[in-house]
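Now for the letters of each chain:
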Amino acid sequence: GRRDPSLRGTTAAGCSRTDMMAEGCEPALGDGDVTPGGAQQRAWQPEEALMTELSELVQKVVKSSSWWERHGMDISILACSCLLLRFLCLRSAQAIPFLAGVLILGVVHHTLTVKGSHLASHNALTESKSWGKVWAIFFIELCSAFTVEQATYNHVKIHHGYTNVIGLGDSSTWKLPFLNRYVYMFIAPLAVPVLTPLVALDLLRNVEWKAALRTLCCMFLGFYCHYWLLLHVSGFQSPWSALLCMLVTRSLLAHPYIHVNIFQHIGLPMFAADRKPKRIHLMSLGVLNLPRNPLLDWSFGHSLISCHVEHHLFPSLSDNMCLKIKPVVSQYLKQKKLPYNEDTYSSRLWLFLQRYEELMVHAPPITELVGIQ
């Protein structure tokens, strides 16, 4: 029942030689605790061995998988979403086809901006670094209006490197404590299409002027292409009606987008930077999977919905590969008696409505590492 002092100061990323799929492995704050005798603590080796063993099991699955399984499936979903832009039903004067067109355009937008940007930020769309940079600019800057450098740093290096570590990767950027629970959960998400470009513009202050100029050009091109398609392909007669359609489609899945980002980390164990477990414990404790959902699986990707634990352990794998390794990871964690968090969407929603003040307003309590040996 006593907390193991050897776990103080261990790395959040915990990279091993076989963990080449787990990018964003940053040295933790306070690494290298030393005993009074001067010998560095080495009691973390069992945890390191667990991650090495799991990585080798996953590598076997990856090596036995075809290119279609590793990348082709997700590329096809993104390509299909791009093609659907040319076959919108918004020209119809009838209500049902028009509403179907709005739904299709909303799903397409979120597939490109959420699924595409997420995979591109981890270079999970291709094994080529050069093409990875191209896809990152296309999906993150042109489609999503964020600068690649800041999006990658904040998500890959900080959130993944220090998942649920207070002050670093604790998902605090999603908290708006001045809003009450109902406004935050049900009304505020409608403002996501307006807030996204404003936040993106604010982030440009932290990048070089060349990157900022590139991002501004891509942002303008992305918005203009969406606007142009509505006017010239969908047949909107008024600029204001086209802008209104842009607002509606871009906020269509904003509620689950906000909910998913908070449900899968906030409310789970939180750690101080100098008192956190090794990578495999950090991710098994601080990450949660939601059930599979056809709409969200398509729009957001498996790695953000039902395979989030797998994604945090092996972030450079594509959505389809995260789904394929899910049985291996879940069985291994349960076999080693490590947490494998799963919960339903409705259960998490009810939890946040009940404990909103504790989870989203006040600072979360730091978890003491009890029972991790």
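Rules behind the numbers
Residues numbered from 1 in each chain as written. Predicted model: local features only at pLDDT ≥ 70, side-chain atom pairs only at ≥ 80, totals over all residues. Heavy atoms only, no water. Helix = DSSP H or I, 4+ residues; strand = E, 2+ residues; numbered from the N terminus. Buried < 20%, exposed > 50% of the residue type's maximum accessible area, 1.4 Å probe, protein only. Contact = heavy atoms within 4.5 Å. Areas by Shrake-Rupley, 256 points an atom, 1.4 Å probe, with all protein chains shown as cover. Expected span 1.5 Å × (residues − 1). Bend = angle between axes of the 7 residues up to and from the residue. Core = buried A, V, L, I, M, F, W, Y, C linked by side-chain atoms within 4.5 Å. UniProt positions renumbered as here; feature names shortened; annotations may be inferred. Patch = residues over 30% accessible without salt bridge, like charges linked within 9 Å, V, L, I, M, F, W, Y side chains within 5 Å. Salt bridge = Lys/Arg side-chain N within 4 Å of Asp/Glu carboxyl O. Disulfide = S-S within 2.5 Å.

The name an unreviewed UniProt entry gives the chain is FADS6 desaturase, with Urocynchramus pylzowi as the organism.

Caption draft 1: Representation of the overall build of the chain within the structure. Per the secondary structure count, the chain includes 16 helices and 2 strands. Across the 373 residues that make up the chain, the buried fraction comes to 51%. Nonlocal contacts in the chain, meaning residues at least 24 apart in sequence, comprise 73% of its contacts between residues at least 6 apart. Of the accessible surface of the chain, which amounts to about 17,500 Å², a share of 65% is contributed by carbon and sulfur atoms.

Caption draft 2: Broad picture of helix H3 (residues 95-121). Between its terminal C-alpha atoms H3 stretches 38 Å, which fits the 39 Å expected from 27 residues at 1.5 Å a residue. The largest bend in H3 comes to about 25 degrees, at Thr-111. Among the 27 residues of H3, 19 are classified as buried, and the element is accordingly described as predominantly covered. Just past H3, the residue Asn-123 takes up positive phi, approximately 55 degrees.

Caption draft 3: Focus on the nonpolar core. The biggest cluster of nonpolar side chains holds 28 residues, and the ones touching the most others in it are Ile-280, Leu-313, Phe-314, Val-329 and Leu-333. Sorting the residues of this core by element identifies helix H1 (45-63), helix H11 (279-286), helix H13 (308-313) and helix H14 (319-335) as the ones contributing at least two each. Beyond its immediate sequence surroundings of up to four residues, Leu-333 is in contact with Ile-280, Ser-284, Val-309, Leu-313, Leu-338, Pro-339 and Tyr-340. The next biggest cluster of nonpolar side chains, apart from the first, holds 22 residues, and it includes Leu-105, Ala-136, Cys-245 and Met-246.

Caption draft 4: View of the UniProt feature "transmembrane region" (unreviewed entry) in the chain. According to UniProt, the "transmembrane region" (unreviewed entry) feature falls on residues 95-112, 182-204 and 211-233. Helix makes up 100% of residues 95-112 and strand 0%. Its end C-alpha atoms lie 26 Å apart.

Caption draft 5: Representation of a nonpolar patch on the surface. A surface patch of nonpolar side chains, about 740 Å² in accessible area, is lined by Val-194, Leu-195, Leu-198, Val-199, Leu-201, Leu-216, Leu-244, Leu-247 and Val-248. Of all the elements in the fold, those that place two or more residues in the nonpolar patch are helix H7 (192-203) and helix H9 (239-250). It is H7 that contributes the most residues to the nonpolar patch, 5 residues altogether. The residue Val-248 is located in helix H9 in this model. On the accessibility criterion, Val-248 (37% relative accessible area) is partly exposed.

Caption draft 6: Region of the structure containing the state of the cysteines. Evaluation of the coordinates by the stated rule reveals 0 disulfides. You can see Cys-80 has no disulfide; the closest cysteine sulfur is in Cys-82, sitting 9.3 Å from it. We note that Cys-322 lacks a disulfide partner, and the nearest cysteine sulfur, in Cys-307, lies 6.0 Å from it. Take Cys-322: its relative accessible area is 0%, and that puts it in the buried class.

Caption draft 7: Summary view of the pattern of salt bridges. A complete count under the given rule lists 12 salt bridges for this structure. Of the charged contacts, one joins Glu-127 and Arg-70 as a salt bridge, the two residues approaching to 3.1 Å between their closest N and O atoms. Linking Glu-127 in the loop between H3 and helix H4 (129-143) with Arg-70 in helix H2 (residues 67-84), this pair joins segments that are 57 residues apart in sequence. Through salt bridges with shared partners, a single ionic network connects Asp-74, Lys-115 and Asp-319.

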